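# Breakdown of the fold
Now for the letters of each chain:
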Amino acid sequence: MKTAQQLVADAKAAIQEVSVEQLAGYLQETAEPLLIDVREPAEFSQNHIKNAVNYPRGVLEMQLANHPLVAASGCTPEVALAALAAKPLYLICRSGARSALAAESLQRMGFSQVYSVAGGMQAWLEAGLTIQQ
């Protein structure tokens, strides 16, 4: 048996994490950021990072091909996922646990440039970085 904390620790050992400062830099550098907030809709509606798309952890894998950057093209889910996988993809949650589990799952789907934000929205807020409410 594993606890939730052990499961998250295992996931973090298998994924790449970035700091909130690294995410902030990425968001300033790119015109079309791929940032997915995997918190629940009620959490997301309280505050979130500009341009983040909300796909809760429980539906992430099923909804990913509907991301606004690829959905309008009308391509197949496989083509949409391949287009997303060609770019860096950042995942954020409240503390960094759900995003770590999500990153591990997306790696199993074939994503190689997927990053979990260490500390999540808690770290983002503590750093005084900009949010939308």
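Our subject is the structure that appears above.
The notes below deal with the structure included here. The model shown is predicted, which means the values in this text are computed figures rather than measured ones.

Definitions and cut-offs
Just so you know, the residues in each chain are numbered from 1, in the order the chain's sequence is written. For a predicted model such as this one, the threshold for reporting local features is a pLDDT of at least 70, and the threshold for listing and counting side-chain atom pairs is 80 or more; totals across whole chains, interfaces and linings nevertheless cover every residue. Water and hydrogen atoms were dropped before computing side-chain values, which therefore reflect all heavy atoms in the structure. Secondary structure follows DSSP: runs of H or I at least 4 residues long count as helices, runs of E at least 2 residues long count as strands, and numbering of each begins at the N terminus. To get the radius of gyration, use the C-alpha atoms; to get the globule rule, take the number of residues to the power 0.38 and multiply by 2.2 Å. Buried residues are those whose accessible area, probed at 1.4 Å on protein chains only, stays under 20% of the maximum for their type, while exposed residues exceed 50% and partly exposed ones sit between those limits. Accessibility throughout is a Shrake-Rupley quantity obtained with a 1.4 Å probe, and a residue counts as covered only by protein chains that appear here. Two strands qualify as a pair provided that DSSP identifies no fewer than 2 bridges between them. A clockwise path from the first strand over the helix to the second, with the strands pointing away from the viewer, defines a right-handed crossover.

Looking now at the overall build of the protein. When you go through the protein residue by residue, the secondary structure sums to eight helices and five strands. Counting helices and strands in the order they occur from the N terminus, the protein gives α-β-α-β-α-β-α-α-α-β-α-β-α. In terms of overall size, the protein behaves like a compact globule, its C-alpha atoms giving a radius of gyration of 14 Å where 133 residues would be expected to give roughly 14 Å. Projected onto its principal axes, the C-alpha positions of the protein cover 40 × 40 × 25 Å. By residue count, 39% of the 133 residues in the protein fall in the buried class. Carbon and sulfur atoms make up 53% of the accessible area of the protein, which totals about 7,000 Å².

Along strand β5 (residues 114-117), one buried face is formed by V114 and S116 and the opposite face, lined by Y115 and V117, is buried too. Where strand β1 (residues 16-18) lies against β5, three bridges are found, and the strand directions are parallel. Bridging from a neighbouring strand, Q16 pairs with Y115 of β5. As paired elements, strand β4 (residues 89-92) and β5 share three bridges and run parallel to each other. By the bridge assignment, L91 is partnered in β5 with S116. Chirality of the crossover, the property in question, places the unit of β4, helix α7 (residues 97-109) and β5 among those that are right-handed.

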